[in-house]
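Here is what each chain is made of, one letter per residue.
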Amino acid sequence: MRLIVVNDLRLQLVAITLAVYAGVQSSAIAHEAGHGAVTRNSLWKSWVGRFFMSFVMGASYSAWTERHGPHHRHPNSRKDPNVHSGLFSFNEIDAVAAKGLAGW
Ligand SMILES: [Zn+2]
């Protein structure tokens, strides 16, 4: 296997820009697929989401869908699974109750 090495800074910047653009667009497509905005067919919805999030981005589409539904039902509230970090508090009640490093 041969590795391609690009020493030209301009080409490196173009490659980085394209990679970031592809990542952002893939995330957006996977997110929209998860909401059924790409297709209402549940099989295709899942495959589009898995391709863009799992294959292109390297993240778990199934783990994302498990957490994202509750996030939209209770955005930024105590029931939102995205705001349970264990280290940061996203509301005053959690901040006051935090112990250990999170309460420091
Ligand atoms: Zn969403």
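Peer 1: How should I be thinking about the packing of helix 1 (residues 9-34) against helix 2 (residues 42-56) in this particular structure?
Peer 2: Think of two packed helices as two axes; the pair is described by the angle between the axes and how far apart they sit. The geometry of helix 1 relative to helix 2 is characterised by a closest axis approach of 8 Å and an angle of 150° between their N-to-C directions. Taken together, helix 1 and helix 2 sit at an angle that is classed as roughly antiparallel. Helix 1 and helix 2 meet at a crossing whose hand is left-handed. Residues Ser 26, Ile 29, Ala 30, Ala 33 and Gly 34 of helix 1 form the contact with helix 2, whose participating residues are Lys 45, Val 48, Gly 49, Phe 52, Met 53 and Val 56. For the contact of helix 1 with helix 2, the per-class residue count stands at 7 nonpolar, 3 polar and 1 charged.

Basis of the calculations
- Residues numbered from 1 in each chain as written.
- Predicted model: local features only at pLDDT ≥ 70, side-chain atom pairs only at ≥ 80, totals over all residues.
- Axes fitted to C-alpha atoms, helices over the stretch in contact; angles between N-to-C directions.
- Helix = DSSP H or I, 4+ residues; strand = E, 2+ residues; numbered from the N terminus.
- Parallel < 35°, antiparallel > 145°, perpendicular 65-115°, else oblique.
- Left-handed = near helix turned anticlockwise from the far one by under 90°.
- Contact = placed C-beta atoms within 7 Å.
- Nonpolar A, V, L, I, M, F, W, Y, C, P; charged D, E, K, R; others polar.

Everything listed here is a matter of coordinates, which is why it stays silent on function.
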